[in-house]
Amino acid sequence: MTEAKSKPEPHPSIAATAISGMALVLALVLHLIGPLRGVDDALAAWVTGLPMGGEIHPSPPFLVWVWTVLLVIGLPQSVLHVRGQWRRWVLVVSALVLTLSWVPVLALAGVTVPVAAPLAALIWASGGSLIYAVRHREPT
């Protein structure tokens, strides 16, 4: 039996939706119970300590969650609908870099942003998508 026949038939949209849902629930729970608050506080203290002059204020919370929802829904869909493992890794690394770049870029604008919960959701969605992609046949 060949490898292509031994792997299960893919259902990428259903799997991506399930992975996204789990990642969003994880981010929301981590945000509500607060174990990642220390990371966000440390980043906010770092941004506040930068000698840029001007007032530093927090970002509106809904903007962080809009970005998180869009990215956590879009990334698994993209990863599971692309052929080739290296392309999937390019998508995942690009999403991680974009999310991590919030902190220094928004610091230049005088804004602190909580990035720990969105990053946890992104890591969960990335890992789930990559594992699913390895264990199922690629889309045709």
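Residues numbered from 1 in each chain as written. Predicted model: local features only at pLDDT ≥ 70, side-chain atom pairs only at ≥ 80, totals over all residues. Heavy atoms only, no water.

1. Observations regarding the environment of A27
Working step 1: With respect to the helices, strands and loops of the structure, A27 is situated in helix α2 (residues 12-33).
Working step 2: Look at A27 and you get buried, because its relative accessible area is 0%.
Working step 3: For the pair A27 and P118, spaced 91 residues apart in sequence, the C-alpha separation works out to 6.2 Å. (Helix = DSSP H or I, 4+ residues; strand = E, 2+ residues; numbered from the N terminus. Buried < 20%, exposed > 50% of the residue type's maximum accessible area, 1.4 Å probe, protein only.)

2. Overview of the packing of aromatic side chains
What describes a pair of aromatic rings is the distance from one ring centre to the other and the angle between the planes of the rings.
Working step 1: Tallied over the full model, the rule gives one aromatic pair.
Working step 2: Measuring from centroid to centroid gives 5.6 Å for W67 and W102, while their planes differ by 70°, and the two rings are edge-to-face. Residue W67 is located in helix α4 (residues 61-80), and its partner W102 is located in helix α6 (residues 102-108); the two are separated by 35 residues in the primary sequence.
Working step 3: W102 gets classed as buried once you look at its relative accessible area, which sits at 12%. (Phe/Tyr/Trp six-rings, centres within 6.5 Å; stacked < 30°, edge-to-face > 60°.)

3. Considering the environment of P118
Working step 1: On the secondary structure map, P118 appears in helix α7 (residues 116-135).
Working step 2: Along the chain, P118 and L91 lie 27 residues apart, while their C-alpha atoms are 16 Å from each other.
Working step 3: Setting aside anything within four residues of it in sequence, one finds P118 in contact with V64, T68 and W102. (Contact = heavy atoms within 4.5 Å.)

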